[in-house]
Amino acid sequence: MNRYGFIGLLALVGMSAAIFLANRGPDPGDVPTLAQVATRTMSPFCPGLTVEECPSSPSAVLRDRIAQKISQRQTNRQIDAWLVANYGPVVLGKPAQAVSWLVPALALIVGAVILGFRARRWMVGDPPTEAAAAPAPAVAVSDLRRVEQELTAFERGPER
Amino acid sequence: MDIAATGRIVLLAALGFSSWGAVAGTLGRMRRDRRLAESAHRALLAAAGSTVLGLLILILALYIKDFSLSYVAGYTSRSTSRLFTLTAVWAGMEGSLLLWTSMTAIYSGTAIWMAKRHRPDLAPVATAVASAIITFFLALLAFSANPFASKSPVPFDGAGLNPLLQSPFMSIHPIMLYAGLTGFIVPFCFAISALVSGKLDPRWFTSTRRWTVFAWSMLTGGIILGGAWAYSELGWGGYWAWDPVENASLLPWLLGTAFLHSVMIQERRGMLKVWNVGLILGAYSLSIFGTFLTRSGLLSSVHTFSESPVGKYLLPLLAAILIGSFGLLGSRYDRLRSRRHLDSLLSREAAFLFNNLLFIAIAFTVLWGTIYPIVVEATSGTRISVGPPFFNAVILPVGLALFALTGIGPLIAWRRASWKILKRQFAIPATCGAAIILGLAAAGLRSAGSLTAIALSGFVSVVTVGEFVRGARAHSTGGIGGWLHGLREVVGRNKRRYGGYIVHLGVVLIFIGLSGNAFKQSWSGTVAPGSSFRIGDYSVRYDSSRNFATDEKMVNMAVLKIAKGGRDIGTLRPQRNFHFAQRQAQSEIGIRSTLEEDLYIVMTRMDSERRATFRAWVNPLVAWVWLGGCVMAVGMVIIMSARPPRRPDPASVARPAERAAVPV
């Protein structure tokens with residue numbers, strides 16, 4: 001693999017790691033803040049909104065109850081368990097199984113690998129035909145260098 | 001005039017025309033019969049005209065408040081204003097389906113009529129495909145979701161319009177959204193036609209490119225206006241919640257954006273033909289998927305219609321489109337495959353490839369997160385949700401990478417870039433980005449996502465503005481006037497390119513706006529008149545309240561005096577109203593908006609002692625999102641104003657023998 005492919009792979013691994021770390025979630029043993037719980041918990045009273053966002057009165061009551069539990073030094077694990085027990089897994093806002101939220105990261109890596117192989121084939125090109133197998137006329141190295149320089153300068157300029 | 005009967009007859013006539021269009025177009029292609037092909041096209045135009053007539057009849061019924069129609073009685077009332085009477089057209093399942101079908105028919109009929117002269121070889125199949133799809137939707141309207149169903153006995157007054165839809169944004173957002181989603185039918189039909197006929201040269205998409213750009217522009221505007229509606233009406237302090245229906249509009253947008261970028265490689269290098277056809281087929285398939293989600297009753301969302309039988313009929317259509325179109329693509333794979341080489345992985349072509357990969361990764365993630373709860377509930381009976389905690393975490397890193405490519409792509413040369421030149425070109429933009437990160441980190445900003453977004457905004461801005469500066473300099477005649485002349489020249493000569501750069505600048509502004517989300521502040525509580533509360537740098541005093549009734553609602557208004565830094569800066573008047581017809585409470589939000597931040601206050605309750613419960617947010621940089629949308633609109637207008645490439649006049653191209661006879 002050349003260095004560009006290596007850089008691309010590094011970027012993908014970095015992105016996938018960022019996704020993994022972000023989805024790992026907070027430390028279950030930590031005592032959270034109200035904002036942390038309210039922004040990651042889906043409101044059972046407003047479809048699609050978090051407890052933080054939901055403007056309904058029952059959601060305000062739920063925020064108060066979460067604040068009470070935090071003041072009692074309950075941990076992330078305890079608070080999440082209480083929420084799920086009272087409102088169902090719908091409050092989690094993401095798939096419970098780790099493999100489910102890893103699927104997008106895996107899809108990205110698999111897609112990149114497939115694309116990498118395809119790009120490599122595009123660079124190698126099709127098998128040469130009989131005509132192409134005939135030796136090409138010799139071109140001076142200085143001429144080749146000059147062509148590259150002219151092409152680079154042309155590409156750099158503004159398009160018409 | 002019996003509007004119900006007239007409307008139904010018109011829709012049935014449209015169904016007849018479109019059915020003939022599908023049959024005649026298919027037979028015309030199979031038998032190479034020009035008369036049948038011409039008949040098919042006329043039938044498609046007649047179907048389009050009839051469908052639009054049906055839509056106009058429904059609008060008339062709404063305007064004259066003909067409550068003998070169930071639809072009119074269900075979505076308007078005597079007190080509904082004229083503007084919102086128009087909004088009622090798309091408030092319900094039947095009306096919105098009629099609007100969808102009308103737009104599909106208008107797009108198809110017009111595009112094929114305009115393209116017929118230049119691509120008579122593709123018109124018959126395109127006509128047949130478009131007619132078949134329109135036939136399907138007209139059949140739904142005629143037999144399953146009839147907008148002209150009668151109501152007996154005729155009520156004195158209607159149920160009125162949902163208060164959430166009584167917003168100026170709702171007068172525009174659905175039309176733009178539908179114009180975007182249905183517009184992808186044009187490149188879809190021509191792509192199918194090109195695949196069927198085997199005429200796989202790039203001219204099929206050249207002739208539909210403007211339609212694709214127009215559809216994409218409408219969809220972009222529709223999505224942004226939808227966010228503006230959510231922000232101003234729903235009262236949760238945000239504008240994007242990863243709601244399944246929001247996701248359903250985002251999915252075709254992602255593939256459409258990937259297509260508009262990737263097609264440049266096909267134009268320039270003749271590569272990525274399979275990708276481009278696949279992206280267009282995917283974009284339209286996802287449009288149908290979105291309308292299925294909205295109408296199936298599978299989802300609970302503020303955007304969805306109630307459960308109806310329409311959903312179960314849309315699934316076979318979606319399956320047919322997916323299997324048919326991608327099967328056809330697979331059968332033509334060898335003919336589409338490019339024989340060109342990729343010269344280097346460090347090239348603009350490779351950057352576009354990576355761009356495509358990231359767009360598809362985001363689309364896959366959005367699709368996965370949207371359908372996952374449906375699949376889990378269907379298989380295990382357990383209700384779960386997938387919302388912002390998942391989407392934000394997964395899409396943020398990929399989205400930032402895509403944003404970075406927005407700045408990297410323009411700097412990389414086609415075919416092969418040189419590291420030496422790239423390092424020189426990246427120096428200033430990268431330094432700017434790094435300086436922003438260091439400066440903000442030193443100022444105490446700790447949110448990694450926001451730091452990266454703002455730094456990349458600086459990077460992309462410098463790259464994009466640099467492109468304008470380089471171009472203007474080449475055409476400048478000196479002085480400020482000369483520079484302006486140079487700028488006008490360079491944009492005028494390549495509107496697609498520089499319009500695209502302006503769209504990118506709009507994206508920069510949107511990312512700046514998005515980065516403000518990390519610094520939101522919120523407050524909630526109950527206050528009595530005369531009391532104050534603080535949020536951020538603001539002091540909010542609940543000065544007084546007003547209560548009055550209109551024809552439609554009971555208004556409870558709180559008058560709030562806002563101060564910042566000890567200085568009075570204005571008044572907000574949030575409301576909590578009760579709508580009589582719908583028996584529904586709804587909040588009107590008080591928003592004070594500046595470029596720096598919005599103060600956003602919702603009143604959720606007022607008791608008999610006038611004590612009011614408020615939720616307040618300070619939302620930094622939200623205005624930049626709307627500003628970014630406006631800048632994107634300017635860019636899109638410039639792109640669409642680009643003249644299409646001139647087609648050679650066949651009469652001016654002499655045959656070789658004639659050329660030889662001409663004296664030199």
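Computed from a prediction, not measured in an experiment: that's the story for all the values here. (Residues numbered from 1 in each chain as written. Chains lettered and ligands numbered in written order. Predicted model: local features only at pLDDT ≥ 70, side-chain atom pairs only at ≥ 80, totals over all residues. Heavy atoms only, no water.)

*Asks:* Where do I start with a nonpolar patch on the surface in this structure?
*Replies:* On the surface, I109, V113 and F117 of chain A cluster together to form a nonpolar patch covering roughly 270 Å² of accessible area. Structurally, V113 of chain A can be placed in helix 5 (residues 98-124). (Patch = residues over 30% accessible without salt bridge, like charges linked within 9 Å, V, L, I, M, F, W, Y side chains within 5 Å. Areas by Shrake-Rupley, 256 points an atom, 1.4 Å probe, with all protein chains shown as cover. Salt bridge = Lys/Arg side-chain N within 4 Å of Asp/Glu carboxyl O. Helix = DSSP H or I, 4+ residues; strand = E, 2+ residues; numbered from the N terminus.)

*Asks:* Teacher, can you tell me more about the packing of aromatic side chains here?
*Replies:* The geometry of an aromatic ring pair is captured by two quantities: the separation of the ring centres and the angle between the planes. All names here are of chain B. Per the counting criterion, the structure on display carries 30 aromatic pairs over all chains. On the basis of an interplanar angle of 20° and a centroid distance of 5.9 Å, the ring pair of W216 and W253 is categorised as stacked. Taken together, the residues W216 in helix 10 (residues 209-233) and W253 in helix 11 (residues 244-269) connect sequence positions 37 residues apart. Comparing W216 with W253 shows no difference in burial state: the two are buried. (Phe/Tyr/Trp six-rings, centres within 6.5 Å; stacked < 30°, edge-to-face > 60°. Buried < 20%, exposed > 50% of the residue type's maximum accessible area, 1.4 Å probe, protein only.)

*Asks:* Just checking my understanding: could you explain a positive patch on the surface for this structure?
*Replies:* On the surface, R156 of chain A together with K420, K423 and R424 of chain B cluster together to form a positively charged patch. With three residues, the top contributor of residues to the positive patch is helix 17 (residues 419-442) of chain B. For R156 of chain A, a relative accessible area of 39% gives the class partly exposed. (Lys, Arg positive; Asp, Glu negative; His and termini not counted. Charge placed at Lys NZ, Arg CZ, Asp CG, Glu CD.)

*Asks:* Whenever I open this one, unusual backbone geometry confuses me. Can you help?
*Replies:* A negative phi holds for most residues other than glycine; trans holds for most peptide bonds. Residue and element names in this part refer to chain B. For the bond running from S152 to P153, omega is -5°, close enough to zero to count as cis. Relative to the assigned elements, P153 resides in the loop between helix 6 (123-143) and helix 7 (168-183). Even without being a glycine, W242 presents a positive backbone phi close to 55°. Residue placement: W242 occurs in the loop between helix 10 and helix 11. The phi torsion at R610 lies on the positive side, around 70°, for a residue other than glycine.

*Asks:* Sorry, what's going on with the interface of chain B and chain A here?
*Replies:* One widely used convention gives an interface's size as the accessible area the parts lose upon coming together. With 60 residues of chain B at the contact, the number on the chain A side is 56 residues. Buried area between chain B and chain A, both sides added, is near 4900 Å², and the carbon and sulfur share of it is 63%. Scanning the region where chain B abuts chain A turns up one salt bridge. For R615 of chain B, the salt bridge goes to E52 of chain A, with nearest N and O atoms at 3.8 Å. Inspection of the chain B/chain A interface yields five residue pairs in polar contact (both at pLDDT 80 or more). Counting only elements with at least two residues in the side of chain B that touches chain A, the list comes to helix 15 (348-380), helix 16 (388-408), helix 17, helix 18 (448-475), helix 20 (495-515), strand 1 (521-527), strand 9 (597-606) and strand 10 (612-620) of chain B. Considering every element that reaches the side of chain B that touches chain A, the biggest residue donor is helix 15 of chain B, with nine residues. (Contact = heavy atoms within 4.5 Å. Buried area = accessible area lost by both parts, 1.4 Å probe. Polar contact = N/O pair within 3.5 Å; in protein donor to acceptor, adjacent residues only side chain to side chain.)

*Asks:* What am I meant to see in the pattern of salt bridges here?
*Replies:* When their charged atoms lie close together, side chains carrying opposite charge are able to pair. Residues and elements named next belong to chain B. As enumerated under the stated definition, the model contains 13 salt bridges over all chains in all. Note that R493 is salt-bridged to E489, the shortest N-O span being 2.9 Å. Of this pair, R493 and E489 both sit in helix 19 (residues 479-493), four residues apart, roughly one helical turn. Relative accessible area serves as the criterion here: at 46%, R493 is assigned to the partly exposed category. A relative accessible area of 25% places E489 in the partly exposed class. Put simply, K564 and E596 hold a salt bridge, and the shortest N to O gap is 3.8 Å. Of this pair, K564 sits in strand 4 (residues 553-564) while E596 sits in the loop between strand 8 (590-593) and strand 9; the two residues are 32 residues apart in sequence, bridging distant segments of the chain. Given a relative accessible area of 49%, E596 falls into the partly exposed group.

*Asks:* What's the story with the side chain of S77 of chain B in this structure? I'm lost.
*Replies:* One can find S77 of chain B in the loop between helix 3 (70-75) and helix 4 (82-87). Beyond its immediate chain neighbours, meaning those up to four positions away, S77 of chain B contacts K65, F67, D157, G158 and G160 of chain B.

*Asks:* Help me out: how do you make sense of the pairing of strand 8 of chain B in this one?
*Replies:* Each regular strand carries side chains that alternate between the two faces of the sheet. All names here are of chain B. Taken together, the four bridges between strand 8 and strand 9 define a ladder with antiparallel strand orientation. If you follow G590 over to strand 9, its bridge partner there is I601. Between strand 8 and strand 9, which pair antiparallel in sequence order, lie three residues. (Pairing = 2+ DSSP bridges.)

*Asks:* What should I look at first to understand the pairing of strand 9 of chain B in this one?
*Replies:* All names here are of chain B. With nine of its ten residues buried, strand 9 lies for the most part within the structure. As paired strands, strand 9 and strand 10 are joined by nine bridges and run antiparallel to one another. Considered in strand 10, the bridge of L599 is made with V618. Counted between consecutive antiparallel strands, the loop separating strand 9 from strand 10 contains five residues, among which R610 sits at a positive phi close to 70°.

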